[in-house]
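Inside the fold
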Amino acid sequence: MSMCQFAVPLLLPDCSTSQCTLMLWAMRDIVKKFRPCSLADSKGFVEDSIVSTAMPMISFVRLGDCSLSKSQILNQVLSNPQQYHDFFIHRDMECGNVPREISNGLVEIGWYLPSGKKNLDIFPEPVAVVNLRGDLLSFQKQFSILCQTSSAVFIFFDSIAESECNLLSSAGNIKAQLFLVANFPNKAEKNINSLKDLASKLKLSGSQILFKKQQTNDAEFVSKLRSTMNDIMENCQHKMTIEGMSAEAHELGIPVDEDCTECQNAKRSAAEITSRIDDVVRYKEDQLPLQGKLWKELAKIEKEECRLQKTGDKPIEEYKANLQREKQKLRQQQSSYDMSEAMQCFITAISNESKQERSYFLKWMRMNLDVTARKKLSGLRDEYKDKCCKFSENKEIIADLDRQISNSSLGMEHFMREMGQLYEAACSLPDNAESRQQFQHLPSLGADLLLDGFPLELVDGDASNIPVRWVTDVLTELHRKVQHKSRVLVVTVLGVQSTGKSTLLNTMFGVQFAVSSGRCTRGAFMLLIRVKEDLKEELNCDFILVIDTEGLKSPALAQLEDSYEHDNELATLVVGLSDITIINIAMENSTEMKDILQIVVHAFLRMEKLGKKPNCQFVHQNVGDVSAHDNNARDRNKLLEQLNEMTQAAARMEKLDPNIKLTDVMEYDPKHSNWYIPGLWHGIPPMAPVNTGYSESVYEFKKSLIEVLKSCKYQTLPEFLEWVGSLWKAVKHENFIFSFRNSLVAEAYSNLCVEYGKWEWDFQKHMYNWLATAETRISNTSNQSSKLEFLSSLKKEVTSQEETTLEKLTKYYESKEGHVNLVKSYRATFEISIKTLRIEIENSVTNKLTAAIDFQNGMKKVHDVNGKHKAILEEKVLKLLGECRERREDLSEEQLENEFEKMWEETVKKLDFKGLEKRDIVLDVYNQLRKQLDRHVGAVKMVLNQASDLTEYGVNMFNVTDKHFDRAWFKMNITDVIGITENKFKKEEANVMAQCVITQGNQFVSDRKHTTSDYHETYTRELLEMIDGKLKEIKKLNAQFEVDLKLHICGFAAREFQQMHEDYMENNDPWMQLEKFRPQYCSDFIDLYHEKDQSLKKAEEFTEHCLKPAVREYVNKALGLDIVDALLTGADSVKYSTRSYFQHSILKQLLKDNTCKNYVSYIRNYSDFVKKWIFDCILEFFKFNGLSGLELKRLEAITEKIQAAVKRAENEGTSTRDIKTISGFVENVCSILSSDIVISTDDLGLKLIQDKASMKEFIGHLQYYLEQMKTSLSDEFSQWCDIQKKLINLPFKPQDELFRKVFGCGKQCPFCMVPCEAGGKNHKKHHASVHRPQGLGTYRYVTNKKLAEDVCTSDVFSENTFENSATEWKPHPYKDYRRFYPDWNIAPDPSIEASDYWKYVLTTFNKEFAKEYHAKPANIPEQWKSITKEQALKSINEVFNVK
């Protein structure tokens, strides 16, 4: 009411009684700023609480009825001629003439406050104007107090009766001057006489009687009234404060609103603290010692821990340990202080059970501290503003004033800050310390205050630090108090100091951020606003958390100290925390605005890189014109251009894409994200009321803001705290983007990787099953298979699977589950990974299909030859059968056999046994190798030309020699710098790498050789591609090395593949194939002769010789796939779900075994180690149950299919004549199963089954033998088997598939050799959860050959340098490591304990590692020696987020 320049209640009547109350407490908050004429020349001003400002008080009352509107006249008296304002409600206003119900007896007060401008001010000094509503005769108590406290009382009347005259004249003890204002509509003689009589009784002079004549207009009368009031003020000896009125009120029996016990108790408690404040600076040192130098020193150390700028020559880890000790020392110093009296009183007062008393206390404190601050700071701030106008001249004075202002400010936040420091210092003590227990309740008090609507300091601007433990525990306690219903949406306001940010927030949300000029704190304050029940569902949150930033400066002023850095930090932090950022711009500060925008753009750019894209609203304050929004369209476009330029400049500074636009980094719509708000005041303060246009514009803005909030995703308070911690940690590092680590982001990324892992496996499994079916169909085709048909089908299948997987990714991002918005930036990477996966699968399956089709087409020739031979033999058997039957004598079995053998020998002699042609596989391998190495010239080509016989290569051990190294590199690295031991070590390293490639190549060849198929040219192509992939990882070795290594591997491959081809030729020799069927044909011939029923025998043969091998092969083929599936969905599935979890599992196991040999193997031969580890895990997983469970499940499934096929063939047999014979029936069963299993009926002799053989009986026997087969295979699978041997011989090797899944890109950190854990196939950046001391990655100091104990996560943020082969052995700053390793992102450790695991490992096996790496042991910092095995395990559990 006061801001809007409405009169406020001074004495408020109680409608039910005649009693009234003095409204002192209600007015305590009103602070006014004005300049009396006495200060006009010095440009000084008075700023004080209105209740304690002494000024003349002039009261206006009415006697009886009065036709003149007293309120209206007062409005005219107080209003400026150019701008009339209704201070008091009057009868001619809208709704001013309604019958009075409650306002009679109300005493209102308004103030006139001068601005120091003579031509504008109505009164040169301040004056209080009081108005009594109703007849004074009815409200004598009110009239009495006004007569006691006012400088003058003006009595308005139309007529005066004798009784009224007597009453006025008999009223004793009237301290005020009385003035009679007569408004006689008709000048009755009676009225004039009564007035004269009253004037003489009251001893009034002529000047104390004012007439409002009919011919006098209002303006003239108002002028006269003003003149009279001016005279009163000039001669006034009696100035009164509203505070002082309370004594008079008590005398007259008028209660004061402050009289309640709670208010008085709170007043005493606050006075006990604030009454002792004399010198603010000294008071802060004595009573609030923890937040001074000690806290600022702690803040500096915490930053230095991240930035490591002052390490000098000290080893980094030792320097970090020293910083830890210093921090501990400072905390101990803090703990050594006894709690000051002021803080004891403060904590006691806010611990009060009575919520009301606590509220009174906090308000008393704030008001008392504001009074103290105003005394000291108002002048300093004005001087500061003046000097800033001429910045360059007054640089030093301004810096000094700035310090004085900071030191002299004392507000509630300082007491809360001290409370936080008391708590943080106590938390650094052991758990059982008494002092620690003493302060455990403080976060609960902080939470209560937040819930009551008091702001809590988030960032302490003086120390540029966040008391993370204090803020965390307060908000955690609050989360508990609201029963975990703490969904919050965060709104932040940024802008230069004194641009109306706090007023904007107070107007929008009805909160109370301090706006007085006594305020000069820097930092960020957060305040909780409860959301009403009906809005909770709409907004999907329980609270709105408003963050107000204080003390952002223009960069010109910021040069004075580190405040530019502070502002950058503050902006980055609050933008990162917010859902909506309001950027407050005062139009008169447009240059400062640009500088602040630069800071803000930096902050948004950083957030975009983290996957956060807050909404941004620009509020332009003090824009007057109605058409501002339209007129500013050009300005908006100009602003957008400038912002784009700033974004690009910021991107260049952050070393990011320079073509980035503002809209890429924030949700910003130039049309709807700009708000133009007129000035707050309508006119010239201090008498200007609030501009209604301001309120309306703010209301429109608020409505829009609520709409935007509806589309925001809430976060809970624990999540908000996670962001506070991680953003602040990253802010403390200079290079923010690469320093950011956040467990919510890590968890979201991990969840995405887990999901991607499932989609990837679904894709692979589907395609493997498709390939198995395709291969089965190819094998079962009697005609030549069409390659085109299968490849076209494959293309459709992979495209469909790719689309399905991409759709899963899209749905995952649309689901908004698990903070998916935090990993938006990874979406493109995973999309590319899916496309790459499709290409890999398509290529792999194409190779396999091509090989299968070529193999089948090759086999067709063999089958055709065999078929022709068999047809001839079958014909001969049947002819022989006819001849024997014609002899009319019974031949014995022996005679029949002799006849058959004779016939067989004669027939076979006449057959042509020309089979497959033998190929020169060695030559094929050599030609492919030559073609691939065609790009090389000179010596390399010569070596290749000399390799006439490939089989001579790869016989002996491969050794790396000097000629294999890049000459210039070898000369620099090995000869000049390192020395003999190192020379040997480098060659050893290269040998280990070469051996690794050779092992993998040989394994690939052996896997292909173990199949029953023929050699195919794709095998050599795949082998060479695999070697190329591995060679990319081996740098600094030349083309000679590549050729020698490939010759070595291809030599072995050529011999093995040649042998494979020869074995295949032998197995498929037509004569041998025919000889296999000899006993079968003989047996069938004898049966036919004796006319035996063949149905039983053929059912058994079909089951044993055809179905059983097919079923065994089917189970064997699918077993590898089932093993992978079992591991990915079983109890240990988490282990393989992401690369990070896999790393955790390995590290945990290594720690359990705790042997140096394992660690060396893990670090130096990572891929071999992982392969072996996975193999051992599979063996362990199936150790007790074996593989029988999986085999039996497959057996059950395929047996059911076979039985169903038999049933179907039987049903079809009754309707079709073709399959009434056994041979027709068998062919039909095989046809039905052609997509499931490969059934070979070659040795069944179907043509030699007599037509009389009963089909019904055959089916009955077949069903019996199928059950027998199932039982027999079940027993076979249930028996113990050598799992290791079985795994090695499986066509689909589960160990290889799991290795591919968890091994990832296989890249290792260039400094410490830790493996990359990034998900997907094509990630742009490599990263690892925890790095290790570099000595473990073979790094040693060039000077003393000792293993390096520094951890790269510290080094890359320090001033240190590194030198290695990549830098050509020249020192290069670690900070700029991306110049040589652009695809690695090494973020800082989330905590000092994060790398405890590897510190423990290096400490435990220091000597062993040194011996292994041909170096000297590392210098282990003392603190590392106290790390236990349990702490090591705890550290990796925390880093990998494993509960």
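Residues numbered from 1 in each chain as written. Predicted model: local features only at pLDDT ≥ 70, side-chain atom pairs only at ≥ 80, totals over all residues. Heavy atoms only, no water.

Considering the overall build of the protein chain
Note the following rule: Helix and strand assignments come from DSSP, with helices taken as H or I runs of at least 4 residues and strands as E runs of at least 2, each series counted from the N terminus. With a 1.4 Å probe rolled over the protein chains alone, any residue whose accessible area is under 20% of its type maximum counts as buried; one over 50% counts as exposed, and the rest are partly exposed. The contact criterion used is simple: two residues touch if any of their non-hydrogen atoms lie within 4.5 Å. In this description, accessible areas are obtained by the Shrake-Rupley approach with a 1.4 Å probe, and a residue is regarded as covered only by the protein chains that are shown.
Along the protein chain, the regular secondary structure elements total 54 helices and 20 strands. For the protein chain, buried positions account for 54% of its 1443 residues. A separation threshold of at least 6 residues defines the contact pool for the protein chain, and within that pool the share at least 24 residues apart is 77%. Of the roughly 65300 Å² that the protein chain leaves accessible, carbon and sulfur atoms contribute 49%.

Structural notes on the side chain of T836
Take T836: it is sitting in helix α31 (residues 827-886). Residue contacts for T836: discarding those within four places in its chain leaves K1321 and N1322.

Observations concerning the sheet that holds strand β2 (residues 20-22)
Rules: By the convention used here, strands pair only if DSSP detects at least 2 bridges between them. Lines fitted to the C-alpha atoms define the axes, with helices restricted to the stretch that makes contact. Angles between their N-to-C directions range from 0 to 180 degrees.
Spatially, β2-β1-β6-β7-β5-β8-β9-β10 is the arrangement adopted by the 8 strands of the open sheet, whose pairing is mixed. The open sheet terminates on both sides in strands that have one partner only, identified here as β2 and β10 (209-211). Sheet twist, expressed as the mean angle between neighbouring strand axes with direction ignored, is 20 degrees. Bridging between strand β5 (residues 57-62) and strand β8 (residues 152-157) involves 5 bridges; their strand directions are parallel. Across the sheet, the residue bridging to F60 is F154, located in β8.

Things to note about the pattern of salt bridges
What counts, and what does not: Salt-bridge detection follows one rule: a side-chain nitrogen of Lys or Arg within 4 Å of a carboxyl oxygen of Asp or Glu.
One pass over the full model with this rule turns up 54 salt bridges. Measuring nitrogen to oxygen at the nearest pair gives 3.1 Å for the salt bridge that ties D473 to R469. Highlighted residues: D473 and R469, both in helix α18 (residues 468-481), separated by 4 residues, approximately one helical turn. A residue is classified by how much of its surface remains accessible, and R469, at 37% relative accessible area, is partly exposed. Members of the salt-bridge network, linked through shared partners, are R417, E457, D460 and D462.

Things to note about the pairing of strand β12 (residues 487-495)
Burial runs high along β12: 8 of the 9 residues are buried. Two elements, β12 and strand β18 (residues 715-716), share 2 bridges in a ladder whose sense is antiparallel. The partner of R487 across the bridge, within β18, is T716. Note that β12 and strand β14 (residues 543-550) share 6 bridges and pair parallel.

Thoughts on helix α32 (residues 893-910)
Stated precisely, the cut-off is as follows: How far a helix is expected to stretch is found by multiplying one less than its residue total by 1.5 Å. Each C-beta atom gives one direction from the helix axis, and the arc is the one those directions make.
With 18 residues, α32 should reach 26 Å at 1.5 Å per residue; the first-to-last C-alpha distance of 26 Å fits that figure. Along α32, the residues that are buried comprise L896, E899, F900, M903, W904, T907 and V908. Angular distribution of buried residues about the axis of α32 spans 155 degrees; they occupy a single face of the element. With respect to the buried face of α32, the exposed residues turned more than 90 degrees away are E894, K902 and K909.

Some details on the pairing of strand β15 (residues 580-586)
Most of β15 sits inside the fold, with 7 of its 7 residues counted as buried. Because side chains alternate across β15, one face comprises the buried residues I580, I582, N584 and A586, and the other comprises T581, I583 and I585, equally buried. Summarising the sheet, β12 and β15 pair through 5 bridges and their orientation is parallel. In the sheet register, V491 faces β15, and the bridge partner there is I580. Relative to strand β16 (residues 615-621), β15 runs parallel, the two sharing 7 bridges. Counterpart to T581 in the pairing with β16 is C616.

Here's the deal with the packing of helix α37 (residues 1017-1031) against helix α38 (residues 1039-1067)
Filter applied, for reference: Small angles under 35 degrees read as roughly parallel and large ones over 145 as roughly antiparallel, with 65 to 115 read as roughly perpendicular and the rest as oblique. Crossings are sorted by hand: turned counterclockwise from the far helix by less than a right angle, the near helix makes the crossing left-handed, and turned clockwise it makes it right-handed. Under the grouping applied here, Gly and all other residues not named as nonpolar or charged are polar, the nonpolar ones being Ala, Val, Leu, Ile, Met, Phe, Trp, Tyr, Cys and Pro and the charged ones Asp, Glu, Lys and Arg.
Between α37 and α38, the shortest axis-to-axis distance is 11 Å and the interhelical angle comes to 150 degrees. Between α37 and α38, the angle is such that the two are roughly antiparallel. Every pair of crossing elements has a handedness; the one defined by α37 and α38 is right-handed. In this structure, α37 uses Y1019, T1020, L1023, L1024, I1027, D1028 and L1031 to contact α38, whose residues at the interface are F1041, E1042, L1045, K1046, I1049, C1050, A1053, F1057 and M1060. Of the residues belonging to the contact of α37 with α38, the class tally is 12 nonpolar, 1 polar and 3 charged.

Concerning helix α28 (residues 717-732)
With 16 residues, α28 ought to run about 22 Å at 1.5 Å a step, and its terminal C-alpha atoms sit 22 Å apart, in line with that. Burial analysis of α28 places 12 of its 16 residues in the buried class, the great majority of the element. Regarding α28, the residues found buried are L717, E719, F720, L721, W723, V724, S726, L727, W728, A730, V731 and K732.

Concerning the nonpolar core
Quick note on the threshold: What we call a nonpolar core is a set of buried Ala, Val, Leu, Ile, Met, Phe, Trp, Tyr and Cys residues that are connected through their side-chain atoms within 4.5 Å.
If you look at the biggest cluster of nonpolar residues, it comprises 149 residues, and the most contacted ones within it are F346, F361, F415, M419, L458, F720 and F1311. It is helix α29 (residues 743-780) that contributes the most residues to this core, 14 residues altogether. Those residues in contact with F720 that lie beyond four places of it in its chain are L475, V490, M526, L545, I547, L577 and Q715. With 80 residues, the next largest nonpolar core counts F139, C147, V222 and I254 among its residues.

Focus: the packing of aromatic side chains
Which entries qualify depends on this criterion: Any two rings among Phe, Tyr and Trp, with Trp reduced to its six-membered ring, count as a pair given centres within 6.5 Å; such a pair is stacked if its planes are under 30 degrees apart, edge-to-face if over 60, and tilted if neither. Comment: the charge-over-ring label is applied if NZ (Lys) or CZ (Arg) is within 6 Å of the ring centre and within 35 degrees of the ring normal.
Throughout the structure, instances matching the rule amount to 44 aromatic pairs. On the basis of an interplanar angle of 75 degrees and a centroid distance of 6.3 Å, the ring pair of F1311 and Y1377 is categorised as edge-to-face. Placement of the pair is F1311 in the loop between α50 (1294-1303) and α51 (1352-1355) and Y1377 in the loop between β20 (1372-1373) and α52 (1396-1404), with a sequence separation of 66 residues. We classify F1311 as buried; its relative accessible area is 0%. Put simply, the rings of Y1159, Y1162, Y1166, F1169, F1299, F1303, Y1397, W1398 and F1405 pair up and form one aromatic cluster. When the ring centre of Y1019 is taken as origin, the NZ or CZ atom of R1008, which lies over that ring, is 5.7 Å away. The ring of W1398 carries the charged tip of R1332 above its face, separated from the ring centre by 4.8 Å.

Focus: the environment of P685
Inspection of the secondary structure puts P685 in the loop between β17 (674-677) and α27 (692-710). Here the alpha-carbon distance between P685 and K32, two residues 653 residues apart in the chain, equals 10.0 Å.

Side note on the state of the cysteines
This is how the line gets drawn: Here, a disulfide means two cysteine sulfur atoms that sit within 2.5 Å of each other.
Counted by the stated rule, this structure contains 0 disulfides. The thiol sulfur of C753 is not disulfide-bonded, and the nearest other cysteine sulfur, from C1316, lies at 10.0 Å. Of the residues examined, C753 reaches a relative accessible area of 9% and is grouped as buried.

Comments concerning unusual backbone geometry
The phi dihedral of S464 falls on the positive side, at around 50 degrees, and the residue is not glycine. With a relative accessible area of 6%, S464 lands in the buried category. In the Ramachandran plot, H484 falls in the positive-phi region, its phi being about 65 degrees despite a non-glycine side chain. We classify H484 as exposed; its relative accessible area is 53%.

Overview of the environment of I998
Tracing the backbone through its elements, the reader meets I998 in helix α36 (residues 980-1009). Between the C-alpha atoms of I998 and C1050, which are 52 residues apart in sequence, the distance is 9.8 Å. Once residues within four sequence positions are removed from consideration, I998 is found in contact with F958, L1045, H1048 and I1049.

What to know about a negative patch on the surface
Using the following cut-off: Residues qualify for a patch when their relative accessible area is over 30% and they have no salt bridge, like charges being joined within 9 Å and the nonpolar side chains of Val, Leu, Ile, Met, Phe, Trp and Tyr within 5 Å. Residues scored as charged are limited to Lys and Arg (positive) and Asp and Glu (negative), so that His and the chain ends carry no count. A single reference atom marks each charge: NZ on Lys, CZ on Arg, CG on Asp, CD on Glu.
A cluster of acidic residues, D278, D279, E285 and D286, forms a negative patch on the protein surface. Considering the arrangement of structural elements, one finds D286 in helix α9 (residues 280-287). Among the residues examined, D286 registers a relative accessible area of 48% and is labelled partly exposed.

What to know about the confidence of the model for the protein chain
For residues with low pLDDT, the predicted coordinates do not support detailed interpretation. Applied cut-off: The predictor attaches a confidence to each residue, and that confidence, scored 0 to 100, is pLDDT.
Averaged over all residues, the pLDDT of the protein chain is 81; the fraction at 70 or higher stands at 87%. Confidence drops under pLDDT 50 across residues 554-561; counting only partners more than four residues distant or on other chains, this segment forms 20 contacts. Taken as a whole, residues 971-982 scores under 50 in pLDDT and shows 21 contacts with residues more than four places along the chain or in a different chain.

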